Amino acid sequence: MENSNDTVKIVGSMLLGSLVGAAIGVLFAPHKGSKTRRMLMNGAEDISDEIKSAIKDELHELRVKADELENMASQKISNLSNSFKQNADGHFVQK
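Structure report, in brief. Quantities reported herein were computed from a predicted structural model and do not represent experimental measurements.

Definitions and cut-offs
Residues numbered from 1 in each chain as written. Predicted model: local features only at pLDDT ≥ 70, side-chain atom pairs only at ≥ 80, totals over all residues. Heavy atoms only, no water. Helix = DSSP H or I, 4+ residues; strand = E, 2+ residues; numbered from the N terminus. Rg over C-alpha atoms; globule rule 2.2 N^0.38 Å. Buried < 20%, exposed > 50% of the residue type's maximum accessible area, 1.4 Å probe, protein only. Contact = heavy atoms within 4.5 Å. Patch = residues over 30% accessible without salt bridge, like charges linked within 9 Å, V, L, I, M, F, W, Y side chains within 5 Å. Areas by Shrake-Rupley, 256 points an atom, 1.4 Å probe, with all protein chains shown as cover. Salt bridge = Lys/Arg side-chain N within 4 Å of Asp/Glu carboxyl O. Lys, Arg positive; Asp, Glu negative; His and termini not counted. Charge placed at Lys NZ, Arg CZ, Asp CG, Glu CD.

Now for the overall build of the chain. Secondary structure assignment for the chain yields 2 helices and 0 strands. Its C-alpha radius of gyration of 30 Å places the chain more than 25% over the 12 Å reference for a compact globule of 95 residues. Expressed as lengths along the three principal axes of its C-alpha atoms, the size of the chain is roughly 95 × 40 × 10 Å. Looking at the 95 residues of the chain, the share that counts as buried comes to 0%.

Right, dumping it as structure tokens:
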């Protein structure tokens with residue numbers, strides 16, 4: 001249980017540090033509030049676009065991998081089916 005308490009303390013400290021840093025940043029900002037808010041919104045939109053793009057790329061890669069796995073599984077099933085048919089034919093051929 002100590003690890004859980006340590007984790008909570010670390011996360012709490014990081015959150016408090018972030019809040020203090022943000023407050024100091026706002027107090028000493030070089031621009032007017034409206035310009036700072038606009039800059040923050042633009043930055044948030046840029047980050048959002050980057051995340052969306054990264055997710056789309058990952059989804060594409062997952063689709064490609066899924067298609068490859070599907071093709072491999074289909075091929076394996078076809079091979080097994082052919083093997084069973086050949087074995088069955090060999091056993092039922094009259095000599």
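If you trace the backbone, His31 turns up in the loop between helix 1 (2-27) and helix 2 (33-92). Not counting chain neighbours up to four residues away, the residues in contact with His31 comprise Thr36 and Met39.

On to a nonpolar patch on the surface, then. A cluster of nonpolar side chains, namely Leu16, Val20, Ile24, Leu27 and Phe28, defines an oily patch on the protein surface of about 570 Å² accessible area. Mapped onto the elements of the fold, Phe28 is located in the loop between helix 1 and helix 2. A relative accessible area of 68% places Phe28 in the exposed class.

This part covers a negative patch on the surface. A cluster of acidic side chains, namely Asp57, Glu58, Glu61, Asp67, Glu68 and Glu70, defines a negative patch on the protein surface. Here Asp67 is to be found in helix 2. Given a relative accessible area of 44%, Asp67 falls into the partly exposed group.

Relative to the helices and strands, Ile24 is located in helix 1. By relative accessible area, which is 44% here, Ile24 ends up partly exposed. Here the alpha-carbon distance between Ile24 and Ser48, two residues 24 residues apart in the chain, equals 25 Å.

In this section: the environment of Val8. Mapped onto the fold, Val8 is located in helix 1. As for Val8 and Ala54, which are separated by 46 residues in sequence, their C-alpha atoms are 30 Å apart.

Scope: geometric values only; no functional claims are made or implied.
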